[in-house]
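Single-letter residue listing:
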Amino acid sequence: MEEKELLYEGKAKKVFRTEDPEILIVDYKDDATAFNGLKKGTIKGKGAINNRMTNYLMKLLEEKGVPTHLVEEIDDRKTAVKKVQIVPLEVIIRNKAAGSFSKRLGIPEGTELKCSTLEFSYKDDDLGDPLINSYMARAIGAATQEDIDTITEYAFKVNEVLKEFFKEIGIELIDFKLEFGKTTDGTIVLADEISPDTCRYWDIKTGAHLDKDTFRRDLGNPEGAYQEVFARMGFDAE
Ligand code: TMP
Ligand code: ASP
């Protein structure tokens, strides 16, 4: 599978067309941004780590019954994926209070929640990805009720699979963000990535942040955090 012209360049990935109109190639970058692009930097090795971790987790999720956009890994940084139309919602699941949830509701980070929770943000950088609910998502045509039901079911299933997987390697899954897309035939599949850019991982023993909060909050060594999760997943860290 060979990449043709660049279709789109985002903050962390480039997307290329291929000779097959139904397949795109995603190329993961080392660039890191936070606060809607206000903070910019580089996390060396991140692109390869996020690419390989995402593919590993998407394969695991496929086995557990969650369809994904994954076609095949091409090399360290590049993966062929199904072309989808992204549902313009960021789907966030939380197991413990942290980040914007803690800020918005005045609940200290690390507080146990009585149940896992799901929230939607409307994907629009100019608006800063505002929080919306399912009625608003339907009202603006971002998704149908059927889409929302499917996405909700898959997102909680992803949570169960990932929580268990990360617990086994000494990591608590605090929260994460998913994106879903629709293939040409209208099937909803998990898209985008599952990586330390898009999840909060806390070391079960020490509580250390093993994710992008190390970069967002200047907590020292983002490269080390990404490599630590990568190594615990059984990959050879460079
Ligand atoms: P939040 O607490 O800042 O809302 O973040 C919740 C989760 O979503 C966290 O695991 C980080 C992830 N996330 C993204 O993947 N992209 C984003 O742009 C933001 C703000 C958060
Ligand atoms: N990726 C997002 C951005 O630049 C934010 C984040 O991950 O915190 O804006």
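One structure accompanies this document, and this report is about it.

Reading the values: the criteria
- Residues numbered from 1 in each chain as written.
- Chains lettered and ligands numbered in written order.
- Predicted model: local features only at pLDDT ≥ 70, side-chain atom pairs only at ≥ 80, totals over all residues.
- Heavy atoms only, no water.
- Helix = DSSP H or I, 4+ residues; strand = E, 2+ residues; numbered from the N terminus.
- Polar contact = N/O pair within 3.5 Å; in protein donor to acceptor, adjacent residues only side chain to side chain.
- Contact = heavy atoms within 4.5 Å.
- Near = heavy atom within 4 Å.
- Areas by Shrake-Rupley, 256 points an atom, 1.4 Å probe, with all protein chains shown as cover.
- Nonpolar A, V, L, I, M, F, W, Y, C, P; charged D, E, K, R; others polar.
- Pairing = 2+ DSSP bridges.
- Axes fitted to C-alpha atoms, helices over the stretch in contact; angles between N-to-C directions.

Topic: the side chain of Lys177
Its place among the elements puts Lys177 in strand β12 (residues 171–182). Engagement of the side chain of Lys177 in a polar contact is seen with the side chain of Glu179, the distance being 2.7 Å. When near neighbours in sequence (up to four residues on either side) are disregarded, Lys177 contacts Glu90, Val91, Ile92, Asp192, Glu193 and Thr198.

As for the site of ligand 1
Near ligand 1 lie 13 residues; those nearest to it are Arg94, Ser100, Asp175, Lys177 and Arg200. Contacts to ligand 1 include Arg200, whose side-chain N or O atom sits 2.9 Å from an oxygen atom. When ligand 1 sits alone it has 450 Å² of accessible area, and the protein chains cover 75% of it. Elements supplying a minimum of two residues to the shell around ligand 1: β9 (89–96), α2 (99–105), β12 and β14 (199–203). Among the elements that make up the shell around ligand 1, the one with the highest residue count is β12 (3 residues). Residues of the shell around ligand 1, tallied by class, amount to 4 nonpolar, 3 polar and 6 charged.

Observations regarding the sheet that holds strand β2 (residues 13–17)
In spatial order, the strands read β1-β2-β3-β7-β6; together these 5 strands make up an open sheet with antiparallel pairing. Each edge of the sheet is formed by a strand with only one pairing partner; in this case those strands are β1 (6–9) and β6 (70–73). For this sheet the average axis-to-axis angle between neighbouring strands, irrespective of direction, equals 25°. Pairing of strand β3 (residues 23–28) with strand β7 (residues 78–82), which is carried by 5 bridges, proceeds in the antiparallel orientation. Of the residues in β7, the one forming a bridge with Asp27 is Lys78. Sitting on the sheet, helix α1 (residues 46–63) touches β3, β6 and β7, and the angle it makes with β6 is about 130°.

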